[in-house]
Protein chains: 2
Amino acid sequence: MRYAPEHNEVTRDRILDAAGRLFQEHGIDAMGLAKVMAEADLTVGTFYTHFKSKEALVREVMVRSIQARHEAFTRALRDGHLEGVARTYLSPSHRDAPATGCPAAALTSEVARRPRTTRQAFAANMEPTLDAFAECISKRRGKKASRADASAVFGLLAGTLQLARATPNREESDAILEAGVRAALLLAK
Amino acid sequence: MRYAPEHNEVTRDRILDAAGRLFQEHGIDAMGLAKVMAEADLTVGTFYTHFKSKEALVREVMVRSIQARHEAFTRALRDGHLEGVARTYLSPSHRDAPATGCPAAALTSEVARRPRTTRQAFAANMEPTLDAFAECISKRRGKKASRADASAVFGLLAGTLQLARATPNREESDAILEAGVRAALLLAK
DNA sequence: ATTATCTATAGATCTATAGATAATGC
DNA sequence: ATTATCTATAGATCTATAGATAATGC
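So, here's what we can say about the structure.

Rules used throughout
Residues numbered from 1 in each chain as written. Chains lettered and ligands numbered in written order. Predicted model: local features only at pLDDT ≥ 70, side-chain atom pairs only at ≥ 80, totals over all residues. Heavy atoms only, no water. Contact = heavy atoms within 4.5 Å. Buried area = accessible area lost by both parts, 1.4 Å probe. Salt bridge = Lys/Arg side-chain N within 4 Å of Asp/Glu carboxyl O. Polar contact = N/O pair within 3.5 Å; in protein donor to acceptor, adjacent residues only side chain to side chain. Helix = DSSP H or I, 4+ residues; strand = E, 2+ residues; numbered from the N terminus. Nonpolar A, V, L, I, M, F, W, Y, C, P; charged D, E, K, R; others polar. Axes fitted to C-alpha atoms, helices over the stretch in contact; angles between N-to-C directions. Parallel < 35°, antiparallel > 145°, perpendicular 65-115°, else oblique. 1 Å grid on protein atoms, 1.4 Å probe; cavity = no way out; pocket = protein on both sides within 12 Å on 5 of 7 lines; lining within 4 Å. Points joined across faces, edges and corners; volume = space filled by probe spheres on them. Buried < 20%, exposed > 50% of the residue type's maximum accessible area, 1.4 Å probe, protein only. Disulfide = S-S within 2.5 Å. Least-squares fit on C-alpha atoms with pLDDT ≥ 70 in both.

1. Digging into the interface of chain A and chain B
Item 1. The interface of chain A with chain B comprises 47 residues on the first partner and 47 residues on the second.
Item 2. Both sides together, the interface formed by chain A and chain B hides about 3,400 Å², and carbon and sulfur atoms give 63% of it.
Item 3. Among the residues of chain A in contact with chain B, R113(A), L163(A) and P168(A) are the three that bury the most area, contributing 19% of the side total.
Item 4. Seen at the junction of chain A and chain B, the total is 4 salt bridges.
Item 5. Salt-bridge contacts for R113(B) lead to E110(A); the nearest nitrogen and oxygen are separated by 2.8 Å.
Item 6. The interface formed by chain A and chain B contains 10 residue pairs in polar contact (both at pLDDT 80 or more).
Item 7. Mapped onto the side of chain A that touches chain B, the elements with two or more residues apiece are α1 (7-26), α7 (103-111), α8 (116-141), α9 (147-166) and α10 (170-187) of chain A.
Item 8. Broken down by element, the residue count for the side of chain A that touches chain B peaks at 14 residues, all from α9(A).
Item 9. A class-by-class count of the residues in the side of chain A that touches chain B yields 22 nonpolar, 13 polar and 12 charged.

Okay, here's the thing in structure tokens:
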């Protein structure tokens, strides 16, 4: 159709957005390409003019979601406000909205089972976020924290959010979130 | 066939073991019943004489795996040896053997997306383990730690293990594990 | 004229069921 | 005689491809 020059890219973005939401809410393996394309108001046939394979989509979605989250993290982490980040991350509203929430909390254990290229894309794109956490922790502690140290704090946030999501009783789940905030601040002291 | 009275139960156990390994290694949605039954040296047809549905299998496998892990945890946690538990949990060999490792690290984010009955089975069966952690932390701190406090420590362990599994570079992954151990001990102080 | 979209389909796999087969305690 | 197992199959869905259709810049 020789569409407008930006048309292709706009559609691609719509597919990536749809896949990002559906993968995080229902898991990668649970969402077929037909459902992803329907969420983007398209049919399956069009998928392969935009992506080489489902795994290529998974990689791109992950990178994109991680980068989008990075923006949010760095905005919040500026000036060393780790407390605010922890409170927002471990909030009931984040727990209850996995589709638009942190991709690491939703997908890390699935990423671990994906092909090496996908894991590399994940790890490489998490580095800026982990470095931002490390810098923030360093400031609080008054001594250098490594990226690995930041991974432990981030692991606490993501792991605790997952436990809260898997806990059906609301009060118990809320209590897990609150204990997670206290723990995160203790850790970064 | 009017088999030996214990025959049915033995076979059921074999299916549960097979499913436990395959679910933890490849994810629940990635493993079809045909593959699970083949791993147990059976064919698909037999599945429904043992379980009502795949979801019923998922619930039973989870309960069983969590209980098996609980044994290991309580043995190790006795006498307040949190350091040993953290070192074993965040060891390269645990990272590299998800099939036989902690079910929570492998499956919590998937459990969060399962039906409420499955999440209830998960949460209820995690309680003894979390209480054992809470008791151990209480001893170390010299003041009462709640189950939610234990969830934060456990969330740190599971979340950090997941990050280490998703990190393809070995040195970086090892560093994450080590930082996780330090963080766990710091948290429980 | 170009190309993103559509419909249709291949071939594999998924969960679940039906009915035949085979193993063994009475 | 009982029942766990098998083979076979239904019907839905999965990833991926082929070829027709339609939209728009030249």
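2. Some remarks on the packing of helix α4 (residues 54-77) of chain B against helix α5 (residues 82-89) of chain B
Residues and elements named next belong to chain B.
Item 1. Interaxial distance between α4 and α5 falls to 8 Å at its minimum, and their mutual angle equals 140°. Here α4 lies oblique to α5, going by the angle between them. For the pair α4 and α5, the contacting residues are F73, A76 and L77 in the first and L82, V85 and Y89 in the second.
Item 2. The residue inventory of the contact of α4 with α5, partitioned by class, reads 6 nonpolar, no polar and no charged.

3. Regarding the environment of T167(B)
Item 1. Along the polypeptide, T167(B) turns up in the loop between α9 (147-166) and α10 (170-187).
Item 2. For T167(B), the residues in contact, after removing those within four places along its chain, are A123(A), E172(B), S173(B) and I176(B).

4. Here's the deal with empty space enclosed by the protein
Residue and element names in this part refer to chain A.
Item 1. A complete count under the given rule lists 2 cavities of 30 Å³ or more for this structure.
Item 2. The volume enclosed by the largest cavity comes to roughly 40 Å³.
Item 3. Lining the largest cavity, in full, are I66, R69, F73, C102, P103, A104, M126, T129 and F154.
Item 4. Of all elements in the fold, only α4 (54-77), α7 and α8 reach the threshold of two or more residues within the lining of the largest cavity.
Item 5. By residue number, the principal contributor to the lining of the largest cavity is α4, which donates 3 residues.

5. Some words on the side chain of T118(A)
Residues and elements named next belong to chain A.
Item 1. Mapped onto the secondary structure, T118 falls in helix α8.
Item 2. A polar contact of 2.7 Å, which involves the side chain of T118, links it to the side chain of E55.
Item 3. With residues near it in sequence (within four places) discarded, T118 still touches E55, V58, R59 and M62.

6. A closer look at the pattern of salt bridges
Item 1. Summed over all chains, the structure comprises 30 salt bridges over all chains.
Item 2. The partner of R170(A) in a salt bridge is D174(A), with the nearest N and O atoms 3.6 Å apart. Of this pair, R170(A) and D174(A) both sit in helix α10, separated by 4 residues, roughly a single helical turn.
Item 3. In this structure D174(A) comes out as partly exposed when scored by relative accessible area, which is 21%.
Item 4. Note that D149(B) and R182(A) form a salt bridge whose closest N and O atoms lie 2.9 Å from each other. Linking D149(B) in helix α9 with R182(A) in helix α10, this pair reaches from one chain into another.
Item 5. Residue D149(B) is classed as buried on the basis of its relative accessible area of 15%.
Item 6. By relative accessible area, R182(A) is classed as partly exposed at 47%.
Item 7. A cluster of three or more residues bridged by salt bridges with shared partners is formed by R95(A), D96(A), R170(A) and D174(A).

7. Focus: the state of the cysteines
Residues and elements named next belong to chain A.
Item 1. Inspection of the entire model under this criterion finds 0 disulfides over all chains.
Item 2. Cysteine C102 shares no disulfide, and the gap to the nearest cysteine sulfur, in C136, comes to 16 Å.
Item 3. Residue classification places C102 among the buried positions, given a relative accessible area of 1%.

8. Details of the packing of α4(B) against helix α8 (residues 116-141) of chain B
Residues and elements named next belong to chain B.
Item 1. In the contact formed by α4 and α8, the axes pass within 9 Å of each other and the chain directions differ by 5°. As judged from the angle between their axes, α4 and α8 are roughly parallel. Residues E55, V58, R59, M62, V63, I66, Q67, H70, F73, T74 and L77 of α4 form the contact with α8, whose participating residues are T117, T118, A121, F122, N125, M126, P128, T129, A132, F133 and C136.
Item 2. Of the residues in the contact of α4 with α8, the class split is 13 nonpolar, 7 polar and 2 charged.

9. Some words on the relation of the copies chain A and chain B
Item 1. Least-squares fitting of chain A to chain B yields an RMSD of 0.0 Å, with the transformation described by 0.0 Å of translation along the axis and a rotation of 180°. In short, the pair behaves as if placed about a two-fold rotation axis.
Item 2. Looking at the interface residues of chain A, 100% of them are also at the interface in chain B, so both copies use one shared face.

10. Some thoughts on unusual backbone geometry
Most peptide bonds take the trans form, and the phi angle of most residues other than glycine is negative.
Residue and element names in this part refer to chain A.
Item 1. The phi dihedral of D41 falls on the positive side, at around 60°, and the residue is not glycine.
Item 2. Considering the arrangement of structural elements, one finds D41 in the loop between α2 (33-39) and α3 (47-50).
Item 3. For D41, a relative accessible area of 67% translates into the label exposed.

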